[in-house]
Amino acid sequence: MTRSASYYSAEEFRRRALHQTGHPLDVASGHHGDHLLNPGIVAHVAGQTLKDAAVLVPVVDDADGAKVILTQRTATLRKHSGQIAFPGGAVDPEDQSVEQAALREAEEEIGLDRTFVEPVARLPDYFAATGFRITPVLAVVQRGFTLTPNPAEVADVFEVPLSFLMDPENHLRGSREWEGKLRHFYQMPYRERNIWGITAGILRTLYERLYA
């Protein structure tokens with residue numbers, strides 16, 4: 001079905017983010033995203049000592065339809081090297097909230113000035129098999145910003161239309177063995193990029209709670 005630009009506008013995104021449907025944010029049910037593809041993963045990961053992390057889901061306000069800012073991590077990083085990711089990282093003790101952590105990380109990683117960013121809502125925590133409890137912070141970003149990627153962490157920054165990411169026809173499924181178990185995941189190939197893993201799992205949750 002062809003949707004109008006207003007359907008995928010930042011204003012409509014904000015409205016849906018504030019009125020999203022689904023299980024409460026404080027319930028680690030696993031009833032969303034790629035956790036549904038891997039029964040038991042949430043209980044397994046939640047039983048570990050987890051590190052808190054936050055990512056910013058930056059939705060840029062454009063008249064022809066909103067865009068989502070994504071990064072490609074450098075090939076030299078110890079974890080998730082070369083993968084497509086949201087700006088984000090561990091929540092530090094001095095961070096007053098996950099929103100503050102996500103904004104700080106976005107400034108450090110890609111130079112996104114927080115004065116252009118309006119956090120509007122959260123998604124349910126994403127339980128990563130690598131031992132992180134990740135809180136996705138949904139935000140609307142106004143144009144006028146200048147990005148300066150940190151070369152130690154970010155190889156590239158690019159934008160993808162929200163309309164592409166929220167189209168379930170673009171949500172492909174894949175699998176691979178990890179630590180002796182078969183893990184299933186979403187992947188969303190966009191041009192020469194392959195968005196998959198945690199990032200695609202969060203985007204799938206975004207679709208389920210806001211646009212499904």
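Please read all numbers here as calculations on a predicted model, not as lab measurements.

Asks: Even after reading the chapter, I still don't get the environment of threonine 115, so can you show me in this structure?
Replies: Note on placement: threonine 115 falls in the loop between α3 (98-110) and β5 (117-122). Residue threonine 115 is classed as exposed on the basis of its relative accessible area, which comes to 65%. Spatially, the C-alpha atom of threonine 115 lies 8.9 Å from that of phenylalanine 145, the residues being 30 residues apart in sequence.

Asks: Mind showing me how you'd approach the nonpolar core here?
Replies: In summary, soluble globular proteins display a tendency toward joint burial of nonpolar side chains. Core analysis: the biggest nonpolar cluster contains 41 residues, and Phe13, Leu162 and Ile195 have the highest contact counts within it. No other element matches the seven residues that helix α5 (residues 197-211) contributes to this core. Once residues within four sequence positions are removed from consideration, leucine 162 is found in contact with Tyr8, Phe13, Val59, Ala66, Lys67, Val68, Leu206 and Tyr211. Grouped together as the second largest cluster of nonpolar side chains are 18 residues, Leu56, Leu112, Val137 and Phe145 included.

Asks: Looking at this structure, how should I read the packing of aromatic side chains?
Replies: Two numbers describe a pair of aromatic rings. These are the distance of the centres and the angle of the planes. Under the defined criterion, the tally for this structure stands at six aromatic pairs. Relative to tyrosine 8, the ring of tyrosine 7 lies with its centre 4.8 Å away and its plane at 85 degrees, an arrangement referred to as edge-to-face. On the basis of an interplanar angle of 35 degrees and a centroid distance of 5.7 Å, the ring pair of tyrosine 8 and tyrosine 211 is categorised as tilted. Placement of the pair is tyrosine 8 in the segment before α1 (10-18) and tyrosine 211 in helix α5, with a sequence separation of 203 residues. Residue tyrosine 211 is classed as buried on the basis of its relative accessible area, which comes to 6%. Among the aromatic residues, those joined into a cluster by ring pairs are Tyr7, Tyr8 and Tyr211. It is arginine 3 that lies over the ring of tyrosine 7; its NZ or CZ is 4.3 Å from the centre. A cation over a ring is seen here: arginine 193 above phenylalanine 158, with NZ or CZ 4.1 Å from the ring centre.

Basis of the calculations
- Residues numbered from 1 in each chain as written.
- Predicted model: local features only at pLDDT ≥ 70, side-chain atom pairs only at ≥ 80, totals over all residues.
- Heavy atoms only, no water.
- Helix = DSSP H or I, 4+ residues; strand = E, 2+ residues; numbered from the N terminus.
- Buried < 20%, exposed > 50% of the residue type's maximum accessible area, 1.4 Å probe, protein only.
- Core = buried A, V, L, I, M, F, W, Y, C linked by side-chain atoms within 4.5 Å.
- Contact = heavy atoms within 4.5 Å.
- Phe/Tyr/Trp six-rings, centres within 6.5 Å; stacked < 30°, edge-to-face > 60°.
- Lys NZ or Arg CZ within 6 Å of the ring centre and 35° of its normal.

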